Amino acid sequence: MGMTIAEKILAAHAGRNEVKPGEYIWCKVDATGGFGLRQLEALGIDEVWNPDRVYMVEDHQAPPPTIEVANQVKEMRRLAKKYKIKNFFEFGRHGILHQLFAENGMFAPGELVAMGDSHSTSGGVFNVCSTNSAMDAVLILVFGELWFRVPESVKVVLNGRLPEWCVGKDVILKVAAELGTDFGLYKSVEYTGPVARQMTLAQRWTISNMGVEVGAKFAIFECDEKTEEFLRGRLDRAYTPVFADPDAQYETVHQFDLSNLTPMVALPGDPGNGRPVPEVKDMHIKVDQAFLGSCTNARLEDLEVAARIMKGRTVHPDVRMLVSPASQAVYRDALKAGWLEVLADAGCVVEHSTCGPCYGGHLGVLGDGEVCISSSNRNFPGRMGSPLAQVLLASPATVAASAIAGEVADPRDYL
Amino acid sequence: MADTVCEGNVWKFGDKISTDLMVPGAYVLARRGITDEEAAQYCMRANRPDWAAQVQRGDILVGGVNFACGSSRNWARPIQVLGVSVVLAESISRIGLRNGINTGLPCLVCPGISKFVEEGERLQVDIVSGEVRNLTRGAAIQAQAWPQDSPPFQIMMAGGFERYFRQRLVEAGKIKPQVAAT
Ligand code: SF4
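Computed from a predicted structure; not experimentally measured.

A. Structural detail: the overall build of chain B. Within chain B, the regular secondary structure consists of 10 helices and seven strands. Relative to the globule expectation of 16 Å for 182 residues, the C-alpha radius of gyration of chain B, 16 Å, shows essentially globular dimensions. Each principal axis of the C-alpha distribution contributes one length, and for chain B these read about 50 × 40 × 25 Å. Across chain B, every contact between residues at least 6 apart in sequence was considered, and the portion connecting residues at least 24 apart equals 63%. Just so you have it, chain B exposes about 7,200 Å², and 48% of that area is on carbon and sulfur atoms. Looking at chain B, you have 20 positive and 18 negative side-chain charges, and the mean spots of the two groups are 7 Å apart.

Set out below in structure tokens:
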């Protein structure tokens, strides 16, 4: 019987010819993060199964805002040295893990990755089964394996042709609004169709990133020339892309026609609260902060579109706009391309690459009753600071347009 | 492992209770080094500010759909510290479920539970068979039992990942049994 992408990858990593949804299996895992090293040290275990495939960075509070964090990062450095982890990234060569690790060769098509951050579904853009595991990731550090329940697979077919100025973010906000933020619960979601092929790799990446916002265990794309172009020169190993069999069994197939899509914005409270921007525009929702950053939408083309919108314009007097590139590499590219200069001239705070504002950690936390329009992935109460603050989610273009207007705005009015 | 049958009073929460509600980033994550006990005081602050102070040891938490959605923050630790004995929900996020079981907080998916019980009623839950009895009303409903040969069941019965991991390390000869016991 035919298999889906996830079933094929899991079967291959379990040393089996086939697997079926609902089975519990043990799989060899190709790469992980280094959260559990401290625990291994405490137990007197002196080596990891494969130090070359462990990746570590401090991105959530980078560089450290407090002595506690500074001491923790100091510990990370020591442990990375002790366990011979070459993929430890110092500040200045750092970034948000999902971007940074990909830039440094963590993902190759057909692989299985599990690590300790919920947006680990991001790696699915590389035709990888990539997902979160938290405290149990130490099993990988010691044994190179982890248990999985074989998920049911769901196919999302993105049909039509994406209109100009609509991007992956608008697509995923539409999908989440239509199908709900739990349609992918415990499942592997495979994205395919003409729009999947049309989108840039960065746009697909946003959709894999927000896989977890629709509940998914994996959020996988097929490998094509755009995938390969990104991976070129980053990998020290061969790989084989994995495609679903024509007779693969999907629990559900969801069809979308995106030819008439408009920019989308998710209203506060839940990423599934997506509405068309033209409709929300009429509600005149004022914003105090605009955030262009996070592992969802802070890649070069995201900064570029914001810069194109903001060139020769300024951030609204009642708004502050924060910009944080997805990684130091993106920061440098955007600097050289001139986009950061345009954004700074428009009155944005250009920060280094950090998670900070996205999770209400530092470098731009929201106060009581404040409203933020953000290019990130979550708008739950309390997400970006005060539990009384509100967060709207949108594409980089919509965030930039809203920063200029001082209220939720349609980027198409500015381009 | 604690008793496999838990009995307690119910606290009922709605759909999509996120980890941002149970482990608020600005209060907890941004302050590393905060103790589990202190962190637990901020649990549900945005949606139910008095809850952390009211919940009693042995109480049962009932959630709606996609309970513990959101980040991989360990939501189960504060819930466990506050004394909750078992979590039942219509559905639980994949990461949330894994974190709950790993923490040693029994979690069962139980479709229909939100209609089956009201806040303050008393439930008896068999975490092995999945049988849930409403002692206040005298009715029963079936939660999804974990397959007994599955790793999550073994982890739950070991009382959490920590102990399960040590057992595995001893079996593999990576650590001595006395290290495992400490
Ligand atoms: S940018 Fe936000 S969502 Fe992404 S890893 Fe950092 S905190 Fe998480």
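This is not the end of the story, as more comes after the structure.
B. Up close: the nonpolar core. Membership of the largest hydrophobic core comes to 99 residues, with the highest contact counts inside it found for B:Trp51, B:Trp75, B:Ile79 and B:Leu123. Ranked by residue count, the leading element in this core is helix H5 (residues 138-143) of chain A, at six residues. Residues within four places of B:Trp75 in sequence aside, it is in contact with B:Thr19, B:Met22, B:Val23, B:Phe67, B:Ala68, B:Val87, B:Gly96, B:Asn99, B:Gly100, B:Leu105 and B:Cys107. Among the nonpolar cores identified, the runner-up in size contains 59 residues, and A:Tyr55, A:Tyr191, A:Met210 and A:Phe221 belong to it.

C. Spotlight on the site of the ligand. Lining the immediate environment of the ligand, one finds 13 residues, of which A:His119, A:Cys295, A:Cys355, A:Cys358 and A:Asn377 sit closest. Each of domain 1 (5-235 + 242-256) and domain 2 (265-413) of chain A accounts for three or more of the residues forming the shell around the ligand.

D. Main features of helix H12 (residues 328-337) of chain A. Residues and elements named next belong to chain A. Among the residues of H12, Gln328, Val330 and Ala334 are the ones counted as buried. Here the buried residues of H12 occupy an arc of 155° about the axis, which is enough to place them on one side. Buried-residue contacts for H12 involve helix H4 (97-103), helix H11 (300-310) and helix H13 (339-345).

E. Up close: the sheet that holds strand S16 (residues 349-350) of chain A. All names here are of chain A. Across the sheet, which stays open at both edges, the seven strands sit in the order S13-S12-S18-S17-S14-S15-S16 with mixed pairing between neighbours. With one partner strand each, in any of the chains shown, strand S13 (274-276) and S16 form the two edges of the open sheet. Where strand S12 (residues 264-266) lies against strand S18 (residues 390-394), two bridges are found, and the strand directions are antiparallel. The residue of S18 that forms the bridge with Val265 is Ala394.

F. Expanded view of the pattern of salt bridges. As enumerated under the stated definition, the model contains 36 salt bridges over all chains in all. The closest approach of N and O atoms between A:Asp136 and B:Arg98, which form a salt bridge, is 2.8 Å. One end of the pair, A:Asp136, is in the loop between strand S6 (129-132) and H5; the other, B:Arg98, is in helix H6 (residues 94-103), on a second chain. A salt bridge links A:Glu304 to A:Arg308, with the shortest nitrogen-to-oxygen separation between them at 2.8 Å. Taken together, the positions of A:Glu304 and A:Arg308, both in helix H11 and four residues apart, correspond to about one turn of that helix.

G. Quick peek at the sheet that holds strand S11 (residues 252-257) of chain A. All names here are of chain A. Reading across from one edge, S10-S9-S8-S11 is the order of the four strands in this open sheet, with parallel pairing throughout. Two strands lie at the open edges of the sheet, namely strand S10 (218-221) and S11, each paired on one side alone. Taking the axes of each pair of neighbouring strands and ignoring which way they run, one obtains an average angle of 20° across the sheet. Where strand S8 (residues 153-159) and S11 come together, six bridges link them in parallel fashion.

H. Structural view of the interface of chain B and chain A. In this complex, chain B contributes 47 residues to the contact, which on the side of chain A involves 43 residues. Between chain B and chain A, roughly 4,000 Å² of surface is buried when both sides are summed, and carbon and sulfur atoms account for 61% of that area. At the boundary of chain B with chain A, the tally comes to four salt bridges. Between B:Asp20 and A:Arg383 there is a salt bridge, and its shortest N-O distance comes to 3.4 Å. Where chain B meets chain A, there are 12 residue pairs in polar contact (both at pLDDT 80 or more). Contributing elements (two or more residues each) for the side of chain B that touches chain A: helix H1 (19-22), helix H2 (25-29), H6, helix H8 (151-158) and helix H9 (161-171) of chain B. Of the residues assigned to the side of chain B that touches chain A, the class counts are 24 nonpolar, 13 polar and 10 charged.

Calculation criteria
- Residues numbered from 1 in each chain as written.
- Chains lettered and ligands numbered in written order.
- Predicted model: local features only at pLDDT ≥ 70, side-chain atom pairs only at ≥ 80, totals over all residues.
- Heavy atoms only, no water.
- Helix = DSSP H or I, 4+ residues; strand = E, 2+ residues; numbered from the N terminus.
- Rg over C-alpha atoms; globule rule 2.2 N^0.38 Å.
- Contact = heavy atoms within 4.5 Å.
- Areas by Shrake-Rupley, 256 points an atom, 1.4 Å probe, with all protein chains shown as cover.
- Lys, Arg positive; Asp, Glu negative; His and termini not counted.
- Charge placed at Lys NZ, Arg CZ, Asp CG, Glu CD.
- Core = buried A, V, L, I, M, F, W, Y, C linked by side-chain atoms within 4.5 Å.
- Buried < 20%, exposed > 50% of the residue type's maximum accessible area, 1.4 Å probe, protein only.
- Near = heavy atom within 4 Å.
- Domains from an automatic or database assignment.
- Arc of directions from axis to C-beta.
- Pairing = 2+ DSSP bridges.
- Salt bridge = Lys/Arg side-chain N within 4 Å of Asp/Glu carboxyl O.
- Axes fitted to C-alpha atoms, helices over the stretch in contact; angles between N-to-C directions.
- Buried area = accessible area lost by both parts, 1.4 Å probe.
- Polar contact = N/O pair within 3.5 Å; in protein donor to acceptor, adjacent residues only side chain to side chain.
- Nonpolar A, V, L, I, M, F, W, Y, C, P; charged D, E, K, R; others polar.

Function cannot be inferred from these measures alone, as they are strictly geometric.
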